[in-house]
Structures are given as C-alpha cells and as structure tokens.
Amino acid sequence: MQDPGSYYFGAAGGLGFAMPAALGVQLAESSRRVIAIIGDGSANYSITALWTAARYKIPVVFLIMKNGTYGALRWFAEVLKVDDVPGIDFLSLAKGYGVESVRAATVDDLKQALAAALGSQAPTLIEVPTLAEGF
C-alpha cells in the first residue's frame, strides 16, 4: 500500500464499488495481483462480478469479511417489517458463478487460502468470518 496505485477505493464510499472495480484494476494491471477486501453487505450489491471474473478468467482474489450484519439490508428489513434477514452463503454463490471459494476461519487458514489463491490464475473468493459486536 506504500506504492502509488497499490490501493484503490471509491471516493464517495458507494456500496457495490469494490468487486467490479477490482476486475477493472486487475485488467489494467495484469502484471500484478488484485486482492479486493469487501464487507459482506457491500458484496451483495455487485455479487454478479463473480460471473464476469469466471467468464473472462480474471484472477482477482475476493476477500469477503463476513460479519453477517448486512447493515443496509437490515435497515430495509426493519422498514418493511421483515422479521429475519437470512444468512448469505458466499461460498455457494461463488460456486454457482464458477469461482473457486474457501472459508478461512483462522489466521493459518487465511494464510493458506491467500497463498493458494495467489498461486492460481483463477478468480478466488475467500470468506473470512468475523465477530460482530452487539448483534
């Protein structure tokens, strides 16, 4: 992150920017590998980027931080008086779109998953369960 062009983000903080932007950066910077770090809530806004990654063999590593809170979705659920927001299985979604996926529940799991993903030329989704305080 110390080198110019090593860290990209949406200046306005818009939900759904990370996944398709990561594909564009990977295509523009084919000699480097892109690791897109995304919250599980934001990933829902552009999850179909996985299809594009698989279809065009774009080797992005999607690292989804899964705390299960889905803030915007839960807010809409309250407004619409929906009692429960279901959990989202990102591993199954990735598989459905044709992307390799793995859950990394420990630091060692994450190290192994990142090493495998970076050693591959295929797109990969790594789901990292996190603890959400107060939920």
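Owing to the predicted nature of the structure, the values given are computational and were not obtained by experimental measurement.

Draft legend 1. Representation of unusual backbone geometry within the structure. The phi torsion at lysine 57 lies on the positive side, around 55 degrees, for a residue other than glycine. Within the secondary structure, lysine 57 is located in the loop between α3 (49-55) and β2 (61-66). Although it is not a glycine, lysine 81 sits at a positive phi angle of roughly 60 degrees.

Draft legend 2. Seen up close, the pattern of salt bridges. One pass over the structure, following the stated rule, counts three salt bridges. As a salt-bridge pair, lysine 66 and glutamate 127 come within 3.8 Å of each other at their nearest N and O atoms. Taken together, the residues lysine 66 in strand β2 and glutamate 127 in strand β4 (residues 124-129) connect sequence positions 61 residues apart. Both residues of the pair, lysine 66 and glutamate 127, belong to the buried class. Between arginine 103 and glutamate 127 there is a salt bridge; the shortest N-O distance is 2.7 Å. In this pair, arginine 103 sits in strand β3 (residues 100-103) while glutamate 127 sits in strand β4, placing the two residues 24 residues apart along the sequence.

Draft legend 3. Spotlight on the packing of aromatic side chains. Inspection of the entire model under this criterion finds one aromatic pair. When the centroid spacing of 6.4 Å and the interplanar angle of 90 degrees are considered together, the rings of tryptophan 51 and tyrosine 56 count as edge-to-face. With a relative accessible area of 52%, tyrosine 56 lands in the exposed category. Positioned over the ring face of tyrosine 56 is arginine 55, at 5.1 Å from the centre of the ring.

Draft legend 4. Representation of a nonpolar patch on the surface. Together, Leu15, Tyr45, Trp75, Phe76, Val79, Leu80 and Val82 line one region of the surface with nonpolar side chains, adding up to about 750 Å² of accessible area. Relative to the helices and strands, phenylalanine 76 resides in helix α4 (residues 71-79).

Draft legend 5. Summary view of the side chain of serine 42. Here serine 42 is to be found in helix α2 (residues 40-43). Residue serine 42 is classed as buried on the basis of its relative accessible area of 17%. Not counting chain neighbours up to four residues away, the residues in contact with serine 42 comprise Leu15 and Gly16.

Draft legend 6. Molecular detail of the pairing of β4. The element β4 is extensively covered by neighbouring structure, given that five of its six residues are classed as buried. Of the pairings in the sheet, the one linking β2 to β4 comprises six bridges and is parallel in character. Bridging from a neighbouring strand, lysine 66 pairs with proline 129 of β4. Note: β3 against β4, four bridges, orientation parallel. Residue pairing for β4: glutamate 100 is matched across the bridge by threonine 124. With helix α6 (residues 107-118) bridging β3 and the parallel β4, this β-α-β connection has right-handed handedness.

Reading the values: the criteria
- Residues numbered from 1 in each chain as written.
- Predicted model: local features only at pLDDT ≥ 70, side-chain atom pairs only at ≥ 80, totals over all residues.
- Heavy atoms only, no water.
- Helix = DSSP H or I, 4+ residues; strand = E, 2+ residues; numbered from the N terminus.
- Salt bridge = Lys/Arg side-chain N within 4 Å of Asp/Glu carboxyl O.
- Buried < 20%, exposed > 50% of the residue type's maximum accessible area, 1.4 Å probe, protein only.
- Phe/Tyr/Trp six-rings, centres within 6.5 Å; stacked < 30°, edge-to-face > 60°.
- Lys NZ or Arg CZ within 6 Å of the ring centre and 35° of its normal.
- Patch = residues over 30% accessible without salt bridge, like charges linked within 9 Å, V, L, I, M, F, W, Y side chains within 5 Å.
- Areas by Shrake-Rupley, 256 points an atom, 1.4 Å probe, with all protein chains shown as cover.
- Contact = heavy atoms within 4.5 Å.
- Pairing = 2+ DSSP bridges.
- Right-handed = clockwise from strand over helix to strand, strands pointing away.

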